[in-house]
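Structural overview
This is what each chain is made of:
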Amino acid sequence: MKNSYSVKSKLALLVVIFFTYFGFSQNNDQEQIKKLYDAALTQGKGYDWLNYLSNQIGGRLSGSVQAQQAVNYTKSQLDSLGLDKVWLQPVMVPKWVRGTPEFAYFETTPGTTTNVAICALGGSVATPSNGIKANIIEVNGVEELATLGKGKIQGKIVFFNKPMDPTQINTFNAYSNCVDQRYSGALEASKYGALGVIVRSMNLRLDDFPHTGSMGYGEQPIDNRIPAAAISTNAADLLSTSLLLNPEINFYFKQNCKQFEDVESYNVIGEIRGSSKPEEIIVVGGHLDSWDLGDGSHDDGAGCVQSMEVLNLFKKIGYKPKRTIRVVLFMNEENGLRGGTKYAEVANATNEKHIFALESDSGGFTPRGFTFDSSNKDFDKIKSWKPLFEPYLVHYFEKGESGADIGPLKKEGLILAGLRPDSQRYFDYHHAENDTFEHVNKRELELGSASMASLIYLVDTYGF
Ligand SMILES: [Zn+2]
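Residues numbered from 1 in each chain as written. Predicted model: local features only at pLDDT ≥ 70, side-chain atom pairs only at ≥ 80, totals over all residues. Heavy atoms only, no water.

Notes on the coordination of the zinc ion
Keep this limit in mind: Donor selection uses N, O and S atoms within 2.8 Å of the metal (3.2 Å for Na, K and Ca). Since no water is included, sites may look incomplete. Working rule for geometry: tetrahedral if four donors all subtend angles between 85 and 135 degrees; square planar for four, octahedral for six, if opposite donors exceed 155 degrees and the others stay between 65 and 115; irregular in every other situation. Each helix corresponds to a stretch of at least 4 residues labelled H or I by DSSP, and each strand to a stretch of at least 2 residues labelled E; elements are numbered beginning at the N terminus.
Only H287 (NE2), D299 (OD), D361 (OD) and D361 (OD) from the protein coordinate the zinc ion, and they sit 1.9 to 2.7 Å from it. Geometry at the zinc ion is irregular, judged from its four donor atoms and the angles of 51 to 145° they form at the metal. For the zinc ion, the donor residues sit on a single chain with the sequence spacing H-x11-D-x61-D. You can see H287 sitting in strand β11 (residues 277-287) and its partner D361 sitting in the loop between β13 (353-359) and β14 (367-373), a full 74 residues away along the chain.

In structure tokens, the structure reads:
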């Protein structure tokens, strides 16, 4: 009897310890996460950092003076956070400049012209100095070129007018489904003798802002390259309607962009060294470069300041991570991905052990959740944290893509993740003149920072 009683009481004690421990642990996580959200919403620095990046520096195209100013500014701000280490990682980046603003019109009858909002695509060659004027032919995507063939395309300007699909709820899917016409439209159309290409902006709404973005010629000899530009969605609709009435329309455009030799730039990096497992590195980051038309507030100033904020919030609530938490502001995502590539190269060469990397590069909108590129086993563990985020209306935990800059780090055992904000308005601003500070909402930005910090806190606490 005595023995049996003793066993029972020991069991009871174990049960009590079990529930106390796990109950406490869960309460503790809830408390820490609440502290992170509270701190983000009351003591966050991200919005002020973004204000400076956007309004004092502006668009930060790789190789520009502004990109260098952004490197200096973010380094100085990381220096001021009292991190264990802050440094610059050199990387060679392409330097493409737009030159004087582009100009375009279409001509329905000789002398009857309508001006068109236009911008050169990043990486495009210029037009001849007096521009190009030719018949323009509309196609609904790259696939249609082969149907028309050289007979219909030779000597003309090709107008790629495949719109983003409005029925896609995740607007990034709509983007993926037609961005090939922007990226490789010029290369493909030149094979059929086109003189230039005009692309409908990657934008779900109708407005007058042309959206730039990267394009490439592959290995095509320089002499065969044809210029590429985007026109606004309003202009694309007007041109398309006008072509229905008169298929013989002439289109004129002139652009003055130029590619220079590569120049040196930097990834900006800072870290809090882990207290008990410093060799295990958790990365959080965004890209510091942007396109030149707006000031890159959503893409990706927001992701940069949110990533910096993760470390700031840990300091603010007095959280000392077990593992090393590192913020990386990658240079040159937009037109080269050189920063992300260099970071992974150095990490591999020095045998650093990265266990988790999180990128924010989908705009500073209300956070909805995260996507994870991980094994099923690790994803099951991550999913068990989901209830901790539900009070903050962050509920989207799915497997999926992470972010372009952390992509090159991908290897067995490393989990990649992306912050997933609401995507409905992202393409209103993406790569356009209106991607500016006033279109970022302070609270939405801060909720994103807090969500990222909370996820990083859990990864640090429980590891993989
Ligand atoms: Zn971006």
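We are not done yet, so read on.
Looking at the sheet that holds strand β10 (residues 258-272)
What counts is decided by this rule: Strand pairing is assigned whenever DSSP detects at least two bridges linking the two strands. To get an axis, a line is fitted to the C-alpha atoms, and for a helix only the part in contact is used. The angle between two axes follows their N-to-C directions and goes from 0 to 180 degrees. Contacts are assigned to residue pairs with any non-hydrogen atoms lying within 4.5 Å of each other.
The mixed open sheet is built from eight strands, whose spatial order is β1-β10-β12-β11-β13-β16-β14-β15. Strands with a single pairing partner mark the edges of an open sheet, and in this sheet they are β1 (85-97) and β15 (396-399). Going from strand to strand, the sheet's axes swing by 20° on average, the running direction of each strand aside. Here β14 runs beside β15; their pairing, made up of four bridges, is parallel. Note on β15: the bridge partner recorded for F370 is F397. Across the face of the sheet, helix α9 (residues 338-349) comes into contact with β1, β10, β11, β12 (323-330) and β13 while running at roughly 140° to β1. Across the face of the sheet, helix α10 (residues 376-383) comes into contact with β14, β15 and β16 (415-421) while running at roughly 175° to β15.

Let's talk about the domain arrangement of the protein
What counts, and what does not: Segment limits for the domains were obtained from an automatic or database-derived domain assignment. The term buried area denotes the loss of accessible surface (1.4 Å probe radius) that occurs when two parts are joined, taken as the sum for both partners. Think of a salt bridge as a Lys or Arg side-chain nitrogen and an Asp or Glu carboxyl oxygen that are within 4 Å of each other.
Along its sequence, the protein is carved into domain 1 (38-96 + 261-462) and domain 2 (99-256). For domain 1 versus domain 2, the distance between C-alpha centres works out to 33 Å. Domain 1 puts 17 residues into the contact, and the matching count from domain 2 is 24 residues. Carbon and sulfur atoms supply 61% of the area that domain 1 and domain 2 bury against each other, a total of about 1,600 Å² over both sides. Contact with domain 2 buries surface across domain 1, with W96, F427 and D428 losing the most and accounting together for 38% of the total. Residues R205 and D428 are paired through a salt bridge, measuring 3.6 Å at the closest nitrogen-oxygen approach.

Examining helix α2 (residues 46-57)
Because each turn of an α-helix spans 3.6 residues, side chains separated by three or four positions in sequence point in the same direction. Defined as follows: Expected helix span is computed as 1.5 Å times (number of residues minus one). Here the term buried applies to any residue with accessible area under 20% of the maximum for its type, exposed to any over 50%, and partly exposed to those in between, with areas from a 1.4 Å probe on protein chains only. Working definition: the arc comes from the directions between the helix axis and the C-beta atoms, pointing outward to the latter.
End to end, α2 covers 15 Å across twelve residues, agreeing with the expected 16 Å (1.5 Å per residue, within 8%). Of the residues making up α2, those classed as buried are G46, W49, L50, L53, S54 and I57. For α2, the arc enclosing every buried residue in end-on projection is 120°, short of the 170-degree limit, so these residues lie on one face. In α2, the exposed positions angled more than 90 degrees off the buried face are occupied by D48 and Q56. Against the buried residues of α2 lie α3 (65-79), α8 (297-317) and α13 (442-462).

Looking at the UniProt feature "domain: Peptidase M28" (unreviewed entry) in the protein
Applied cut-off: UniProt positions are given in the numbering used here, feature names are shortened, and annotations may be inferred rather than shown by experiment.
As recorded in UniProt, the feature "domain: Peptidase M28" (unreviewed entry) lies at residues 267-446. Helix and strand shares over residues 267-446 are 30% and 28% respectively, and the end C-alpha atoms of the span are 23 Å apart.

A look at the pattern of salt bridges
For the structure on display, the rule yields 20 salt bridges. Between E280 and K353 there is a salt bridge whose closest N-O contact spans 3.5 Å. With a gap of 73 residues between them, E280 in strand β11 and K353 in strand β13 connect regions that are remote in the sequence. Three or more residues joined by partner-sharing salt bridges are found here, namely R98, E102 and D292.

Some words on the side chain of E107
Basically, it comes down to this: Throughout this description, a polar contact denotes any pair of N or O atoms lying within 3.5 Å of each other; where both atoms belong to protein, one of them has to be capable of donating a hydrogen while the other can accept it, and for residues adjacent in sequence the pair is counted only when both atoms sit in side chains.
Assignment of secondary structure puts E107 in strand β2 (residues 103-109). In this structure the side chain of E107 is engaged in a polar contact, spanning 3.2 Å, whose partner is the side chain of K133. In this structure E107 touches T112, T113, K133, I249 and N250, once residues within four positions along its chain are discounted.

Section: the sheet that holds strand β8 (residues 228-231)
In space, the eight strands of this open sheet follow the order β3-β2-β9-β5-β6-β7-β8-β4, with mixed pairing throughout. With one partner strand each, in any of the chains shown, β3 (112-115) and β4 (118-120) form the two edges of the open sheet. Ignoring strand direction, the axes of neighbouring strands in this sheet form an average angle of 30°. Relative to β3, β2 runs antiparallel, the two sharing four bridges. Following the sheet pairing, Y105 is matched in β3 by N115. Each of β5 (132-139) and β6 (157-160) touches helix α4 (residues 144-153); the most contacted strand, β5, lies at about 145° to it.

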